[in-house]
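Here's the letter readout for the chains.
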Amino acid sequence: MQPILAIESSCDETAAAVMAPDGTVLAEAVLSQGDHARFGGVVPEIAARAHLAHLPGMVAAVMAEAGIGFDGLAAVAASSGPGLIGGLIVGSGFAKGVAMARGIPFLGINHLEAHALTARLTHKVGFPYLLLLLSGGHCQCVAVEGLGRYRRLGGTIDDAVGEAFDKTAKLLGLGWPGGPALEALAMGGDAARFTLPRPLLGRSGCDFSFSGLKTAVAQVVAGYPAGPLPGQDATDIAAGFQAAVAAVLADRARHAMAMLPEAGALVVAGGVAANGAIRAALQAVADKAGVAFVAPPLRLCGDNAVMVAWAALERLRAGVSDRLDQAPRPRWPLDGVEMRVG
Ligand code: KG4
Ligand code: ZN
């Protein structure tokens, strides 16, 4: 089989990758659109236009780096949901165009499935395993039971965990995206100085809730005069918030493992999986349960096209591809993915 091309454009990362049939990455590129920072969040219309501007050049660059032309491709894949519809249309439309022009299979990949399967590329994890998907738009715990077989065990009842980081960072006067900035600020802080809630801790199941925690931080911040917070106080609040999130996630992971005792691994994915304190807390839970803890390398935790290529490859191996009239979907739960053979 020849290599495949994959595209990711569901949010604010424009990404393309070329992957060999054995999973070797022949070339990849990710562009994190900086244009949204001054708005304090992703602006869908700006994101879609930026994908449109960057994608053709980026695809040409990864194809050149991989040393192949479009006639050297076995298939082409794109994230086709869930996500921002403008970006999804750009990426999937591009991929369909290539598929149609070359007469090769098209795969419209579920973005969450791509995150879910990444650990099989990087760590050869076998089914079944547990996935904690922790990003800016998604926060859920999934039983990954086989290719195309995903069971949602729990999810957030309000904010996604990355969203909570972003909103809390904003309260602390940090820029967007807030997660990495908050983690840096929290370094060396006293996490016990401010008493912050740990929502749903100890509650059965593995749902998540973060809005109360963010509100508690807002109340602490409101106790200060207007203007920047004193440096040490900001550091301690950030450390307290991060510790609360890590404790809640560890507790939820513990419950999830009890819900799927046959799981061979606890896998994290999504941008928040970059957080060191959260990784350490989850690692400790997994160690205690005697389950492998798997965190893909940072560049594969956030949005990227390598994960889309890998999901496509797994599907192609199973004889699955999609029709060119498959519509991109802003909402597409993981347990709604189809396996269309032929
Ligand atoms: O998966 P991702 O790149 O994009 C989607 O949301 O789909 O995740 C981005 C999120 C943002 O909310 C960002 O603040 C958060 O991941 N994030 C972090 C860290 N790095 C990124 N949150 C906490 N600590 C980090 N080091
Ligand atoms: Zn994502």
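Residues numbered from 1 in each chain as written. Chains lettered and ligands numbered in written order. Predicted model: local features only at pLDDT ≥ 70, side-chain atom pairs only at ≥ 80, totals over all residues. Heavy atoms only, no water.

**Q** Can you break down the packing of aromatic side chains residue by residue, with the values?
**A** Under the definition given, this model contains three aromatic pairs. Note on F165 and F241: the rings are 5.0 Å apart at their centroids and 85° apart in plane angle, and the pair reads as edge-to-face. Remark: F241 occurs in helix α7 (residues 231-259) and F165 occurs in helix α4 (residues 161-171); sequence separation between them is 76 residues. There is no split in this pair, since F165 and F241 are both buried. When the ring of F208 is compared with that of F210, the centres are 6.3 Å apart and the planes differ by 20°; the resulting orientation is stacked. (Phe/Tyr/Trp six-rings, centres within 6.5 Å; stacked < 30°, edge-to-face > 60°. Helix = DSSP H or I, 4+ residues; strand = E, 2+ residues; numbered from the N terminus. Buried < 20%, exposed > 50% of the residue type's maximum accessible area, 1.4 Å probe, protein only.)

**Q** A description of the site of ligand 1 should follow, citing residues and the corresponding values.
**A** The local shell around ligand 1 holds 18 residues, among which G136, D166, G179, E183 and G271 are the closest. One of the backbone nitrogen or oxygen atoms of G136 is found 2.7 Å away from an oxygen atom of ligand 1. A distance of 3.0 Å is found between an oxygen atom of ligand 1 and a backbone nitrogen or oxygen belonging to G179. Burial of ligand 1 by the surrounding chains reaches 87%, relative to a free accessible area of 550 Å². Contributions of two or more residues to the shell around ligand 1 are made by α4 and α5 (178-186). In terms of residue count, α5 provides more of the shell around ligand 1 than any other element does, four residues in total. Its residues placed into classes, the shell around ligand 1 shows five nonpolar, ten polar and three charged. (Near = heavy atom within 4 Å. Polar contact = N/O pair within 3.5 Å; in protein donor to acceptor, adjacent residues only side chain to side chain. Areas by Shrake-Rupley, 256 points an atom, 1.4 Å probe, with all protein chains shown as cover. Nonpolar A, V, L, I, M, F, W, Y, C, P; charged D, E, K, R; others polar.)

**Q** An account of the coordination of the zinc ion (ligand 2) is requested, with residue identities and associated values reported.
**A** The zinc ion (ligand 2) binds to the protein through H111 (NE2), H115 (NE2) and D303 (OD), with metal-donor distances spanning 2.1 to 2.2 Å. Look at H115 and you get buried, because its relative accessible area is 3%. Note on D303: relative accessible area 16%, which makes it buried. (Donors = N, O, S within 2.8 Å, 3.2 Å for Na, K, Ca; no water.)

**Q** Could you give me a rundown of the sheet that holds strand β4 (residues 75-81), with the residues and numbers involved?
**A** Spatial strand order, β3-β2-β1-β4-β5: five strands in an open sheet with mixed pairing. Sheet topology places β3 (25-32) and β5 (106-110) at the edges, where each strand pairs with a single neighbour. Pairs of neighbouring strands in the sheet enclose a mean axial angle of 15°, with direction left out of account. Alignment of strand β1 (residues 4-8) against β4, held across four bridges, turns out to be parallel. Bridge assignment links I7 to a residue of β4, and that residue is A78. Contacts from helix α3 (residues 111-123) reach β1, β2 (13-19), β4 and β5 within the one sheet, and its direction differs from that of β5 by about 90°. Across the sheet, helix α10 (residues 306-317) touches β1, β2, β3, β4 and β5, and the angle it forms with β1 is around 130°. (Pairing = 2+ DSSP bridges. Axes fitted to C-alpha atoms, helices over the stretch in contact; angles between N-to-C directions. Contact = heavy atoms within 4.5 Å.)

**Q** Summarise the state of the cysteines; cite the residues concerned and give the values.
**A** Defined simply, a disulfide is a covalent bond joining two cysteines at their sulfur atoms. Under the criterion given, the structure shown has zero disulfides. For the unlinked cysteine C11, the closest cysteine sulfur is that of C139, found at 15 Å. Given a relative accessible area of 25%, C11 falls into the partly exposed group. Lacking any disulfide linkage, C301 is separated from the closest cysteine sulfur, that of C139, by 14 Å. (Disulfide = S-S within 2.5 Å.)

**Q** Tell me about the domain arrangement of the protein, and please be specific about residues and values.
**A** When its domains are assigned, the protein resolves into domain 1 (4-115 + 303-336) and domain 2 (127-299). The C-alpha centroid of domain 2 is placed 27 Å from the C-alpha centroid of domain 1. If you look at the interface, domain 1 gives 18 residues, while domain 2 gives 13 residues. Both faces considered, domain 1 and domain 2 share a buried interface measuring about 1300 Å² in area, 65% of it formed by carbon and sulfur atoms. Summed over the three residues of domain 1 that lose the most area to domain 2, namely L112, H115 and L334, the buried surface amounts to 37% of that side. Inspection of the domain 1/domain 2 interface yields one salt bridge. E28 serves as the salt-bridge partner of R299, at 2.4 Å between the closest nitrogen and oxygen. Looking at the side of domain 1 that touches domain 2, the elements that each hand over two or more residues are α3 and α10. Considering only residue class, the side of domain 1 that touches domain 2 consists of seven nonpolar, five polar and six charged. (Domains from an automatic or database assignment. Buried area = accessible area lost by both parts, 1.4 Å probe. Salt bridge = Lys/Arg side-chain N within 4 Å of Asp/Glu carboxyl O.)

**Q** With reference to specific residues and values, describe the pairing of β2.
**A** Where burial is concerned, most of β2 is hidden: seven out of the seven residues are buried. Where burial is concerned, the two faces of β2 agree: the one with E13, A15, A17 and M19 and the one with T14, A16 and V18 are both buried. Linking two consecutive strands that pair antiparallel, namely β1 and β2, is a turn of four residues. Two elements, β2 and β3, share seven bridges in a ladder whose sense is antiparallel. Each residue of the ladder has a partner; that of A16, found in β3, is A29. Counting the residues in the hairpin turn of β2 and β3 gives five residues, including G23, whose phi is positive at 95°.

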